[in-house]
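Residue-level listing of the chains:
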Amino acid sequence: MVVDTLNNLKNYVDTCPLFKEVVAFLAENDLNTLPEGKTMIQGKDLFVNIQNAKGKTAEEAVMETHNVMIDIQIPLDGEETYGYTPLCKLPEVEYNAEKDITKYPGVKAESYVTCTPGMFAIFYPQDGHAPCISKAETIKKAIFKIKA
């Protein structure tokens, strides 16, 4: 997991070849003006999903992992907290290959980090994360999905 400011995202392009495309997309587009839903950047290998997600308590948030895709999550209109637990500490549960997600209901995060607009969190396949923790009723956010 990486948490940093958007100004520093360029410093992480060596960790994944498609991160360079994310940096270029951010330089050319205002995430706040993109329509809700998916915007394809490089087919199924790279896209951004703009969503208004329901804010949850830490107890309501569900831990998840992805085997194929990396998430870069960016809050757009307020703060969002993410729970974190390394995959190696999560129980074995069924993986949904069609949706590239494993959910761990009832598993609470080991630690938490909060991002505000202008920040991002990167979750690699080895990073269990519980998104959408917020006191706000809804959170407008961008989720870049990048093939690992």
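Residues numbered from 1 in each chain as written. Predicted model: local features only at pLDDT ≥ 70, side-chain atom pairs only at ≥ 80, totals over all residues. Heavy atoms only, no water.

Colleague: Report on the nonpolar core, specifying residues and quantitative values.
Modeller: If you look at the biggest cluster of nonpolar residues, it comprises 23 residues, and the most contacted ones within it are Phe19, Leu31, Ile72, Ile122, Phe144 and Ile146. Other than its neighbours up to four places away in sequence, Phe144 contacts Val22, Phe25, Leu26, Leu31, Ile41, Leu46, Phe47, Val48, Ile70, Asp71, Ile72 and Ile74. (Core = buried A, V, L, I, M, F, W, Y, C linked by side-chain atoms within 4.5 Å. Buried < 20%, exposed > 50% of the residue type's maximum accessible area, 1.4 Å probe, protein only. Contact = heavy atoms within 4.5 Å.)

Colleague: A description of the sheet that holds strand β12 (residues 138-147) should follow, citing residues and the corresponding values.
Modeller: Read across the sheet, six strands follow the order β1-β10-β5-β12-β3-β2 without closing on themselves; strand pairing throughout is antiparallel. At either margin of the open sheet sits one strand with a lone partner, and together these are β1 (2-5) and β2 (37-42). When strand polarity is set aside, the average angle formed by the axes of neighbouring strands in this sheet is 20°. Relative to β12, strand β3 (residues 46-54) runs antiparallel, the two being bridged by nine bridges. Within the sheet, the bridge partner assigned to Asn52 lies in β12 and is Lys140. Lying on the sheet, helix α1 (residues 19-28) is in contact with β2, β3, β5 (69-75), β10 (119-123) and β12; it crosses β12 at an angle near 140°. (Pairing = 2+ DSSP bridges. Helix = DSSP H or I, 4+ residues; strand = E, 2+ residues; numbered from the N terminus. Axes fitted to C-alpha atoms, helices over the stretch in contact; angles between N-to-C directions.)

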